[in-house]
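Architecture at a glance
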Amino acid sequence: MEVRIGSTVISLVKGDITQEDTDAIVNAANSRLAGGGGVDGAIHRAGGPAIMEECRKIGGCPTGSAVITTGGRLKARYVIHAVGPVYKDGRHGEADLLSGAYRKSLEIASQKGLKSIAFPSISTGAYGYPVDKASEIALKTVIDFVKVNKRPGLVRFVLFSDRDFKTYQKTLERLAGMVES
């Protein structure tokens, strides 16, 4: 599924983010940038040791923010490591932190002049963020960013499961219907 917001295409696909050939892919990282399971582990395995080497030099990243490293052996030139929140109950600033992780990733991509970026569904795996709530925050943050900044040209969400894809699809259809591009 694709929608156009101004000059930006927002695309949803089901797949494996490590196979994306966008300028950057986003890693759902932990604050120590220490690698881990899920998307994080898959990206580190596919990209090789150069990514972890740069992560060690950076040292860490606060929740709600992001940092950039090489893409190592990935098709993507860069990995943006975004740290989303662990979901407690939605009353501990989780929405602002999740939005911040997406926004900072987009700011980094914009500062680097990147034309395309691929996101996973941040915080919805081991961190337990409900996918319906996370999709709303993710897509609204992206739409608001591209309306103001007019870039990047392509924002792709790479979703691992059918359930996540369908949830993001419903959310994007609703939000796109509310936006005049």
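Structure first, text after, so check above.
Summarised in this report is the structure supplied together with it. (Residues numbered from 1 in each chain as written. Predicted model: local features only at pLDDT ≥ 70, side-chain atom pairs only at ≥ 80, totals over all residues. Heavy atoms only, no water.)

Across its 18 residues, helix H3 (residues 94–111) extends 26 Å between first and last C-alpha, which sits within 8% of the 26 Å expected from 1.5 Å per residue. Listed as buried for H3 are Glu94, Leu98, Ser99, Gly100, Ala101, Tyr102, Ser105, Leu106, Ile108, Ala109 and Ser110. Positive backbone phi, at 75°, marks glycine 113, one or two positions downstream of H3. (Helix = DSSP H or I, 4+ residues; strand = E, 2+ residues; numbered from the N terminus. Expected span 1.5 Å × (residues − 1). Buried < 20%, exposed > 50% of the residue type's maximum accessible area, 1.4 Å probe, protein only.)

The next thing to look at is the environment of glutamate 2. By the secondary structure assignment, glutamate 2 is in strand S1 (residues 2–5). Residues glutamate 2 and leucine 12, spaced ten residues apart in sequence, show a C-alpha to C-alpha distance of 6.4 Å. Look past the residues within four positions of glutamate 2 in its chain and what remains in contact with it is Val9, Ile10 and Ser11. (Contact = heavy atoms within 4.5 Å.)

Right, let's talk about the nonpolar core for a bit. If you look at the biggest cluster of nonpolar residues, it comprises 38 residues, and the most contacted ones within it are Ile10, Ile117, Phe119, Val155, Phe157 and Tyr168. In this structure phenylalanine 157 touches Ile10, Ser11, Leu12, Val13, Tyr102, Phe119, Pro120, Ala138, Leu139, Val142 and Tyr168, once residues within four positions along its chain are discounted. Ranked by size, the runner-up nonpolar core spans 16 residues in total, among them Leu33, Ile43, Met52 and Leu74. (Core = buried A, V, L, I, M, F, W, Y, C linked by side-chain atoms within 4.5 Å.)

It is worth spelling out the packing of aromatic side chains at this point. Overall, the coordinates contain five aromatic pairs when judged by the stated rule. On the numbers, 4.9 Å between centres and 50° between planes, the contact of tyrosine 102 with phenylalanine 119 is tilted. Here tyrosine 102, found in helix H3, pairs with phenylalanine 119, found in strand S6 (residues 116–119); they are 17 residues apart in sequence, far enough to count as distant. Tyrosine 102 gets classed as buried once you look at its relative accessible area, which sits at 0%. Given a relative accessible area of 0%, phenylalanine 119 falls into the buried group. (Phe/Tyr/Trp six-rings, centres within 6.5 Å; stacked < 30°, edge-to-face > 60°.)

Here helix H5 (residues 162–177) contains 16 residues, and its C-alpha end-to-end distance of 22 Å stays within 8% of the 22 Å for a straight helix at 1.5 Å per residue. Buried within H5 are the following residues: Asp164, Phe165, Thr167, Tyr168, Thr171, Leu172 and Leu175. The buried residues of H5 occupy an angular sector of 160° when projected down its axis, which confines them to one face. Along H5, exposed side chains directed more than 90 degrees from the buried face belong to Arg163, Lys170 and Gly177. Where H5 is buried, its residues meet S1, strand S2 (8–14), H3, helix H4 (131–149) and strand S7 (154–159). (Arc of directions from axis to C-beta.)

Of all six residues in strand S5 (residues 78–83), five are buried; the element is thus mostly enclosed. Across six bridges, strand S3 (residues 24–29) lies against S5 in parallel orientation. Bridge pairing in S5 links alanine 29 to valine 83. As defined by bridge partners, strand S4 (residues 66–70) adjoins S5 across five bridges and the pair is classed as antiparallel. From the neighbouring strand, threonine 70 faces S5, where its bridge partner is tyrosine 78. (Pairing = 2+ DSSP bridges.)

Nothing here speaks to function; it is all geometry.
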